[in-house]
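Residues per chain are reported as follows:
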Amino acid sequence: MDHAPGPLIARLASFAVRRAVFVVLAWLGLAIALNLAIPQLESVVAKDSTPILPADSPSAVALHRMDSDFGNGRSTSFIFVVAERPSGLTAADRAWMRGLVPRLQKDADNVTFVQDVATRPDLLKALTSTDGKAAYLQVGLPGATGAPTAIQQIESVRDIVDADRPAGLNAAVSGPAATIADMEVAVEKSILLITVATVALIALLLMVIYRSIVVTGLILGSIGLALGVARAMSAWMGLHVFAVSTFTGSFLTAVVLGASTDYAVFLVSRYHELRRNGVDTDTAVREAAGRVSGVIIGSALTVVVANAAMLVCHVGIYKTTGPAIAVSIVTTLAMALTFTPALVTLAARRGLIEPKPVSATRAGRWPAIAAYVSTRPARVLALGLIPLLALAALYPFLQLSFDERGVQPDDTDSNDGYALLAQHFPLNEVLPDYVLVHSSHDLRDARSLAALEHVARAIEQTPGVTSVRGITRPLGTPIKEASVGYVAGVVGDRLGSAEDKLADKSGGVADLRNGSARLEAGATRLSDGANRVADGSGQAVTGSGRLLDGAEQLRAGLERLAAGSGDAATGSQQLRAGATRLADELEAGQARAQYAVDGLGKAYTALKSSVGCSLDPICARARTGVRRVWEGERDELIPGMRDAAAGARRIADGSIDLADGLAQIDAGLQRARGGATDLADGGRLLHSRLGDLAAGADQVADGADKVAAGTGRVAGGTDQMATSLQELQSGLTRASTALKEAGAASKDPAIGGFYLPSANLADPRLATANGLFLSADGHTARLVVLGATDTFKHAASERAGTIAGTANNALRGTALDGADVEVTGLATINSDLDTISTHEFYLVAGLALLAVLLILIVLLRSLLAPLFLLAAVCLSYAAAMGLGVLVWQLLLGHPLDWSVPAIAFILLVAVGADYNLLLMKRMLEDSPDGSPAGIARAVAATGGVITSAGLLFAASMFAMMSGSVLTLAQIGFTIGMGLLLDTFVVRTLVIPSVATLLGPRIWWPRRPA
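Rules of the game
- Residues numbered from 1 in each chain as written.
- Predicted model: local features only at pLDDT ≥ 70, side-chain atom pairs only at ≥ 80, totals over all residues.
- Heavy atoms only, no water.
- UniProt positions renumbered as here; feature names shortened; annotations may be inferred.
- Helix = DSSP H or I, 4+ residues; strand = E, 2+ residues; numbered from the N terminus.
- Buried < 20%, exposed > 50% of the residue type's maximum accessible area, 1.4 Å probe, protein only.
- Contact = heavy atoms within 4.5 Å.
- Areas by Shrake-Rupley, 256 points an atom, 1.4 Å probe, with all protein chains shown as cover.
- Lys, Arg positive; Asp, Glu negative; His and termini not counted.
- Salt bridge = Lys/Arg side-chain N within 4 Å of Asp/Glu carboxyl O.
- Expected span 1.5 Å × (residues − 1).
- 1 Å grid on protein atoms, 1.4 Å probe; cavity = no way out; pocket = protein on both sides within 12 Å on 5 of 7 lines; lining within 4 Å.
- Points joined across faces, edges and corners; volume = space filled by probe spheres on them.
- Pairing = 2+ DSSP bridges.
- Axes fitted to C-alpha atoms, helices over the stretch in contact; angles between N-to-C directions.
- Core = buried A, V, L, I, M, F, W, Y, C linked by side-chain atoms within 4.5 Å.

Going by what an unreviewed UniProt entry lists, the protein is known as RND family transporter and is assigned to Nocardioides jejuensis. Looking at the Sequence similarities (unreviewed entry) heading of the UniProt record, one finds this comment for the protein: "Belongs to the resistance-nodulation-cell division (RND) (TC 2.A.6) family. MmpL subfamily." The annotation that UniProt attaches to the protein under Subcellular location (unreviewed entry) is "Cell membrane".

This is the structure we're talking about:
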């Protein structure tokens, strides 16, 4: 049963046939105009700056911070210039390296940063291999890694490097950005070869299928024009709407050639069928165009929607290929609905594309297969599922590769650079992981530096890490001088050195020892006391005279007081007035006497503590006199005067009996008079002794002269000893300071045995390390982590993913607890690429499946059939991926590139749905009731055309294997084999057998016609 096309499609087909010449000329003119007015796709691609990884990915953000803190903030990607001479770098080679710096800096449009080895010899030394045969320097670029603009910038750097290079010096530009650029250049160079191979394969297959040069030429002309228009439209969209890349051209070419060939084959095959049924040419073209247009539209829409879903992606290869393919298929669809029918009409009217006779054997092949499937559906289904499920079982063993070195030729400039580095530097020398620790405070203090060392030590213990470099370990091992144990050892060495120096002066010490005994007994003590005795002796004589005069006056006054007290006893009537005056006099005298007593006490205490006075007999006797005077005043005079004054005051007040009061006054005065007598006697003794002391002072001075003469004999030894003592003092001071600081550090749990004072960062030996590992403001530290495995390999990416967690854990409880930790580097970039691409693959796959499902539901007006078709397509995809794992990973040892799964899924789902849609549309026409006979007719009618289309599209994919980039070969192989599986297994065996088993239920919820 035939289903007529919709009215819009019928009118469009009729217009293309009726106005065939106009339509053909219009499309030719449009193609020429577009390609003249719009720049070629390659020119547009060259201006694009889309990175392979989004700028907001963690590794890209960390890379930007590293450039801001350690570079100039203007670089987006980095490359390395490597120079090597097998016999060793010469002075001319080093001069050439230094001269590169200003030459590269002049190219400001293409270079944003150059390591300044020209003005920093220490930096050039650090970047030179230990064998002295190779060196490298880092160069920053404004273009992002993977962006086409970066390709031009790298080529400019290579031109500068090649200029004036010394003879015999090998040089190459390498690094991740250079690797991606070399791969993209190889892809671009492969486009022409891929195009030629595709056209050749398609032409060969068309000749085999149609056995007609005219048909082959017609279809090739149709697909050629479609490719020209599609490229122009993609270039225009690349200028104004979406991004394009070097991958855009290769994928666009393969898909457009394959899809346009399929659409042309659909039309020509249906035209041939109608012509064999006796339909005239124009009617046959119009009928064929109307019948296949619905299938072509549905097929194109699945490809368009599936690829347009990549607009939501951020990974460069996805967002620059999917949208361009979608636009190209839209233009291809427009031409398939108008240009191809018009071109077929013009050829058909001239009898140039009439069908060839079909042999009975060939004519009966597909009906026989269809009959077998319809009569034994369960057996056929099992036969189809076994290989599909067996291959799909290998899919979970997929290991993706991010090694872009291995997908390009071995002799690219970047690969040459890696080879030079591998010969002279440790593994991953220019491809380390970078750990950035950023804090709100300056990191140049002992606690923060100790925390950084703690982080470095923790990272170093991570499996697969061989070395960690940083400000606390510039060469990969901790600075030995920064350990507390080392500080203690240095202190011990310094003390030992001081001991050795003193031992070397033993001769001078022996000379000094002979005079030191006498000097210890005389000169040293004399030096301490002689000056004080000599200076004070005159003052003591004068003071003692004054004290003696005062004592005599005091004694006379007390005699008078005593006499007055006797008179008072006999003349009581005058007592009260006299008692008052007596009390006043006694209290005033006591105050004056107390002042004198206190002064004598201080004098005696000073003489008693003097070692020189104790050693000198004269001074010792004088001190005894002072003591006697002081004790007499303290124990007799002052208490007696105090008691007498108290008694007189009571008499005057009338608070005591007169007899008792007079007796108390008399007793007190007698005691005071006795003290005054002792004071006078002691004063005379002190005066005489101080006179002797003054005379003795002269003798001391004479003795000092004699001692001075003796010390002259030991002057030589003393000078030597003084020098050694000064050195010893300086060493002990430094040792003391070091021990105190180290001791305080060792008690600080945040330092943990590592102690590097901030002042040591000014050491010239750390000048290079400061610039490499600490930012200028001191707020960011950089650790360079070298791994034991190839940075491009999956193990390195897994290790990079754990480093950030290790660093954060190590910072807890330290002075940098809460600091920001970021990790970047090639391994981290690959890790982010793995995470982001996997997420986007799931997202795009879901969107594509949903879109294809909706299209199939609309076209088939069924729910079960679309779900079944989609499940079959997914199984075909899994089998194709499993076959890719088997061939590339297990047999050839080349894991599939990370980009293969997503691109293969989109194209296999979209294109696979095309063929299934063509078959199911024919089933809907021939078996609307789900009868086995109708299904067999549909299989027989479409078998040849679907097989031809599948072979042609697969051929266009296999043509990608002719390029020099392994990624294209893997994508082409996987999609091509998937199309063959879909053509010969899924479409031929699985779908017809399931449709036969389901019967009319296949069209649920539609009711059978």
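Don't stop here, the text continues.
J.: Looking at this structure, I do not really get the overall build of the protein. What am I missing?
T.: Check the secondary structure of the protein and you find 32 helices and 8 strands. Across the 1009 residues that make up the protein, the buried fraction comes to 53%. Here the analysis covers contacts within the protein between residues at least 6 apart in sequence; of these, 82% occur between residues at least 24 apart. In the structure as shown, the protein presents an accessible area of about 42200 Å², 59% of it carried by carbon and sulfur atoms.

J.: How do you make sense of the side chain of aspartate 982 when you look at a structure like this?
T.: Within the secondary structure, aspartate 982 is located in helix H32 (residues 966-998). Arginine 987 provides the closest opposite charge to the buried, salt-bridge-free aspartate 982, at an N-O distance of 7.2 Å. Other than its neighbours up to four places away in sequence, aspartate 982 contacts Ser876, Gly912, Tyr915, Asn916 and Arg987.

J.: Please clarify how helix H30 (residues 900-926) should be interpreted in this entry.
T.: For the α-helix, the turn length of 3.6 residues means that residues three or four positions removed from each other point alike. Helix length check: H30 (27 residues) gives 38 Å between terminal C-alpha atoms against 39 Å at 1.5 Å per residue, within 8%. Buried residues dominate H30, accounting for 26 of its 27 residues.

J.: I keep staring at empty space enclosed by the protein and nothing clicks. Help me out?
T.: Over the atoms rolls a probe the size of a water molecule, and its path tells where empty space is left. According to the stated counting rule, one finds 6 cavities of 30 Å³ or more in the structure shown. Here the largest cavity is characterised by a volume of approximately 140 Å³. Surrounding the largest cavity, 16 residues form its lining, Ile52, Glu184, Phe247, Gly316 and Ile317 being those nearest its centre. Elements with a minimum of two residues in the lining of the largest cavity: helix H8 (176-210) and helix H12 (316-319).

J.: What exactly am I supposed to notice about the sheet that holds strand E3 (residues 134-141) here?
T.: Strand pairing within a sheet occurs via backbone hydrogen bonds; the two strands may be parallel or antiparallel. Spatial ordering of the open sheet is given by E2-E3-E1-E4, a layout of 4 strands whose pairing is antiparallel. At either end of the open sheet lies a strand with only one pairing partner, and these are strand E2 (113-114) and strand E4 (170-174). Summarising the sheet, E2 and E3 pair through 2 bridges and their orientation is antiparallel. Opposite phenylalanine 113, over in E3, you have glycine 140 as the bridge partner. Packed onto the sheet, helix H7 (residues 148-162) meets strand E1 (77-84), E3 and E4 and runs at close to 165° relative to E4.

J.: What should I look at first to understand the nonpolar core in this one?
T.: In globular proteins that are soluble, nonpolar side chains generally tend to be buried together. Counting residues in each nonpolar core, the largest one holds 169 residues, and the members touching the most others are Ile219, Phe266 and Met923. No other element matches the 19 residues that H30 contributes to this core. Among all residues touching phenylalanine 266, those that are not within four sequence positions of it are Val292, Val295, Ile296, Tyr915, Leu918, Val945 and Ala949.

J.: How do you make sense of unusual backbone geometry when you look at a structure like this?
T.: Most peptide bonds take the trans configuration, and most residues that are not glycine carry a negative phi. Cis geometry is adopted by the peptide bond preceding proline 1005, which originates at tryptophan 1004 and carries an omega value of 10°. Relative to the elements of secondary structure, proline 1005 occurs in the segment after H32. The residue aspartate 164 is not glycine, and still its phi comes out positive at about 60°. Located in the positive-phi region is arginine 861, a residue other than glycine, with phi close to 50°.

J.: I tried to follow the pattern of salt bridges on my own but got confused; where do I start?
T.: Pairs may arise between side chains of opposite charge once their charged atoms sit close together. Summed over the entire model, instances satisfying the criterion amount to 24 salt bridges. Residue arginine 291 pairs with glutamate 287 through a salt bridge whose shortest N-O separation is 3.9 Å. In this pair, arginine 291 and glutamate 287 both sit in helix H11 (residues 281-308), 4 residues apart, roughly one turn of the helix. Exposure remark for glutamate 287: the relative accessible area of 33% places this residue in the partly exposed category. Between arginine 473 and glutamate 460 there is a salt bridge, and its shortest N-O distance comes to 3.2 Å. Of the two residues, arginine 473 is situated in the loop between strand E6 (465-469) and helix H19 (484-504) and glutamate 460 in helix H18 (residues 446-460); the sequence distance between them amounts to 13 residues. The exposure class of arginine 473 is buried, given its relative accessible area of 1%. Connected through shared salt-bridge partners, Arg270, Glu273, Arg922, Glu925 and Asp926 make up one network.

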